[in-house]
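Fold and contact review
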Amino acid sequence: MLSFATHESRQLPVRIIEVSPRDGLQHEALFVPTARKIDLINALSRTGVTEIEAGSFVSPAAIPQLADSDEVFRAIDRVPGVTYSALVPNERGLERARAAAVRKIAVFTAASNSFTRHNIKATVQESLLRFTPVIQGAKRDGLLVRGYISTALWCPYEGRMAPQRTLDVMLRLLDLGVDDVSLGDTLGRGSPVDMRALLDVVMPHIDPIRLSLHVHDTYGMAVATVLTAWEDYGITAFDCSAGGLGGCPYAPGATGNVATEDVVFALKASGALVAVDEGLILDCANQLASAIGHPLRSRLSQISKPRIGQPALKG
Ligand code: MG
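To start, this report covers the structure provided alongside it.

Reading guide: rules and limits
- Residues numbered from 1 in each chain as written.
- Predicted model: local features only at pLDDT ≥ 70, side-chain atom pairs only at ≥ 80, totals over all residues.
- Heavy atoms only, no water.
- Buried < 20%, exposed > 50% of the residue type's maximum accessible area, 1.4 Å probe, protein only.
- Helix = DSSP H or I, 4+ residues; strand = E, 2+ residues; numbered from the N terminus.
- Donors = N, O, S within 2.8 Å, 3.2 Å for Na, K, Ca; no water.
- Expected span 1.5 Å × (residues − 1).
- Contact = heavy atoms within 4.5 Å.

Topic: helix α10 (residues 260–269)
Residue pairs spaced three or four apart in an α-helix point in one direction, given the helix's 3.6 residues per turn. Where burial is concerned, most of α10 is hidden: seven out of the ten residues are buried. Inspection of α10 places T260, E261, D262, V263, V264, A266 and L267 among the buried residues, and these make up the whole buried set. Just downstream of α10, G271 is the residue with a positive phi angle, here 95°.

Put into structure tokens, the structure is as follows:
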């Protein structure tokens, strides 16, 4: 194992990129009314997170849950110090993002051709060509751009991804001018050992401040992977979703995004500086629980429930 983390890197504040309003809700079956999305984002803005992925300018027919992103962006309170980003797949989406005064966009590709073919009907190479003008247009307007790389560790169609494949895509994204890169364990199958193998390969090629990890918790390893990346590699930005909102399309019934409150709790317990209140995050998720039609999936949501009618523990 290479060593990237230092005493100094562990003193840096950890940044939480809260993805529940986009990545979380996108995978929820029930439509969440626009007013409740706005309430969620406004509440999340006051939890200490530094960035909120607040919507998506994809085709409304493709993702009806996020068809109201224009309206959401126009109505939310923009709290100073919080960045509000949106997923943008093409130039039409960029136009809509501009009109809604979005200051940061995210583009989306993957390490695996099979995954992008299924998901966006393009190879990885074609996806990069497709959003090259989007990145150029955004940079021309002074917008920040995030590049997502899904299936950075495992692909549901191809299995384990060689770290070099993820590195190749990351280098292409950096060449295109993205400001930061989010490496996604879309399948939620990555272990801390898998994450080490990837970070050993990619870290020499990027300033860690520009890198975030987007891990899913399908097999219960997400928090362990986050702690490994923070403690051993000095990664200080993590994408997470309040309440673990959002399922996993590749493992129906399982959780998708790791829950923000669980990540914050674990990082704080390990000595990290995290200016996020996990109790407020849980309140945000609970506000939405009646709209999504299923219980929250985080560890903290389980132990925070009032145990009405149960006897007090003795001894
Ligand atoms: Mg996700």
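Focus on the coordination of the magnesium ion
Taken together, the protein ligands of the magnesium ion are D23 (OD), H214 (NE2), H216 (NE2) and N257 (OD1), with distances of 1.9 to 2.2 Å. The sequence motif formed by the donor residues of the magnesium ion is D-x190-H-x1-H-x40-N. Note that D23 is positioned in helix α1 (residues 20–26) and H216 in the loop between β9 (211–215) and α9 (222–233), a separation of 193 residues in sequence. In terms of burial, D23 and H216 fall into one category: buried.

Some thoughts on α9
The terminal C-alpha atoms of α9, which comprises twelve residues, lie 16 Å apart, in line with the 16 Å expected from a rise of 1.5 Å per residue. Residues of α9 that are buried include every one of A222, T225, V226, T228, A229, W230, D232 and Y233, and no others. Buried residues belonging to α9 abut β1 (13–18), α8 (192–202), β9, β10 (237–240) and α10. Directly after α9, the chain includes G234, whose backbone phi takes a positive value near 70°.

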